[in-house]
Amino acid sequence: MQNFDYQTPTRLIFGKGVIAKLPGVMTQFGKKILLAYGSGSIKKLKVESLKLKDGSSTKATNLYDLTKELLKGYEIIELPDIQPNPKYDPSVLDGVRLCKEHKIDVILAVGGGSVLNCSKAIAAGACYDGDPWDLISYKVKAKAALPIVDIITLAATGSEYDSGGVISRTETNDKIGYIDRHLYPAVSFLDPTYTFTVNKKQTAAGIADAMNHVMEQYFVEDATLLNDGFCESMFRSLMVNGRKCLENPEDYTARAEMMLACTYGCNGILALGNSQSGWPCHGIEHALSAYYDITHGWGLAIITPRWMKHILNERTLPRFVKYGINVFNIDKNLDKWEIANKAIDETYKFFESIGIPMHLRDLGIDESRVDEMSHHIAVNEGLDQAYAPLTEKDIAEIITASL
Ligand code: NZQ
Ligand code: ZN
């Protein structure tokens, strides 16, 4: 078992109606709030009236209005229109400028992972005098960041419980996972009812993203029995509850369990004591998203089974056998190679069954930039250090097999 030094400082407030605690939570951070959100889903997201401590009831009927109603008395500056695969220019730059101009005390991110990721980069940029890209590109280490509170409305990234934010810079085809201990949200509100309106495409992408987060931590050289158990249970929970969410988007129990499973995905708790994985599928997918702006979870679902086939060999075989038996209940008496190959096929079939197009061509990606992307990934993602090390040629083969 490997040594580790671990701390997650984020307070999770989970369940239906928990947003009623928002005014009390925000008092500790100051009076000036940057309210960050996306292209409008929070204005369509219907909410019920809440009973407040003073006996009054809220009047707002959507999440945007409710947030503002709960925070009357605060000075709120808005940063709308943060796009999926959030962009450095304009969103991060605009956010940093607003924080500095208005001397913002705290950022409130309301939305999916993209809104929260963008808010994390802004939080660090607001406390830095130079170009915020210095921080995101790891040229300079952040010394501080503004506090972040979030109300998460999409179960997928786990950003609500981790210290990472993924930012795209269009002109250089960069999509960088910016990780820094200052970027943990101070408080995350998780109300599963806010995910009822997430459409089938984004729900499936969220399931695939969270499943891949677990895979990135499960396929390693040294793993503990303890972590394997957590991971295998995460896989089963995400598949069972993910399907239920797709069949009945307002199934509270399924949405709640999926939300919590996603929250555990990226904060490292599933890999404590394990050896490093290198997160190869994310390394590859981030380049696909950077070049073609595709949906992260879809890209991962397409890459994952091809990556699995590519790295299956005598050394990795036992991990795939364990995965096949414990996650897909494949007969343990079969030949080991048959179990491993069946497990990979089952992974593919699951993603296909939840409506994900399983070829990159379906997302508008062809062979024309495979070499360029593979080179970019090989130079920037360090996948030669992964559990199953990947060269530029390996990366090109995996992408080509995914077309
Ligand atoms: O633009 P808005 O109005 O916010 O609409 C969003 C967006 O169109 C919509 N949406 C969000 N909540 C909704 C909703 N629609 C209806 N009802 C709701 N309740 O869904 C669309 C996608 O939102 P987005 O935030 O982009 O999705 P997600 O949460 O999957 O975030 C994806 C981004 O996170 C990065 C990905 O690369 C991608 O850029 N990742 C972040 C990670 C992290 N730890 O922070 C780890 C991941 O591996 C990942 O790389
Ligand atoms: Zn991911």
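Predicted model only: the values in this text are computed from it and were never measured. (Residues numbered from 1 in each chain as written. Chains lettered and ligands numbered in written order. Predicted model: local features only at pLDDT ≥ 70, side-chain atom pairs only at ≥ 80, totals over all residues. Heavy atoms only, no water.)

### Examining the domain arrangement of the chain
Point 1. Assigned domains within the chain: domain 1 (11-194) and domain 2 (200-402).
Point 2. One C-alpha centre belongs to domain 1, the other to domain 2; they are set 27 Å apart.
Point 3. Counting residues at the interface gives 25 residues for domain 1 and 27 residues for domain 2.
Point 4. For the interface between domain 1 and domain 2, the tally reads 1 salt bridge.
Point 5. In this structure, Asp293 engages Lys87 in a salt bridge whose closest nitrogen and oxygen atoms are separated by 3.5 Å.
Point 6. Between the two partners, domain 1 and domain 2, sit 8 residue pairs in polar contact (both at pLDDT 80 or more).
Point 7. Contributing elements (two or more residues each) for the side of domain 1 that touches domain 2: β1 (11-14) and β7 (174-179). (Domains from an automatic or database assignment. Contact = heavy atoms within 4.5 Å. Salt bridge = Lys/Arg side-chain N within 4 Å of Asp/Glu carboxyl O. Polar contact = N/O pair within 3.5 Å; in protein donor to acceptor, adjacent residues only side chain to side chain. Helix = DSSP H or I, 4+ residues; strand = E, 2+ residues; numbered from the N terminus.)

### Structural notes on the sheet that holds strand β8 (residues 187-190)
Point 1. One open sheet accounts for 6 strands, arranged β1-β8-β5-β4-β2-β3; its pairing is parallel. Single-partner strands in this sheet number two, and they are β1 and β3 (75-79). In this sheet, neighbouring strand axes are inclined to one another by 20° on average, regardless of whether the strands run parallel or antiparallel.
Point 2. Relative to β8, β1 runs parallel, the two sharing 4 bridges. Note on β8: the bridge partner recorded for Phe14 is Leu190. (Pairing = 2+ DSSP bridges. Axes fitted to C-alpha atoms, helices over the stretch in contact; angles between N-to-C directions.)

### A look at the pattern of salt bridges
Point 1. Under the criterion given, the structure shown has 16 salt bridges.
Point 2. With its nearest N and O atoms 3.4 Å apart, the salt bridge here joins Arg97 to Glu101. Here Arg97 and its partner Glu101 are both found in helix α4 (residues 88-102), 4 residues apart, which amounts to about one turn of the helix.
Point 3. The class for Arg97 is partly exposed, based on a relative accessible area of 41%.
Point 4. On the basis of relative accessible area, Glu101 is assigned to the exposed category, the value being 51%.
Point 5. In this structure, Arg369 engages Glu372 in a salt bridge whose closest nitrogen and oxygen atoms are separated by 3.2 Å.
Point 6. Given a relative accessible area of 37%, Glu372 falls into the partly exposed group.
Point 7. Overlapping salt bridges, with partners in common, bring together Asp94, Arg97 and Glu101 in one network. (Buried < 20%, exposed > 50% of the residue type's maximum accessible area, 1.4 Å probe, protein only.)

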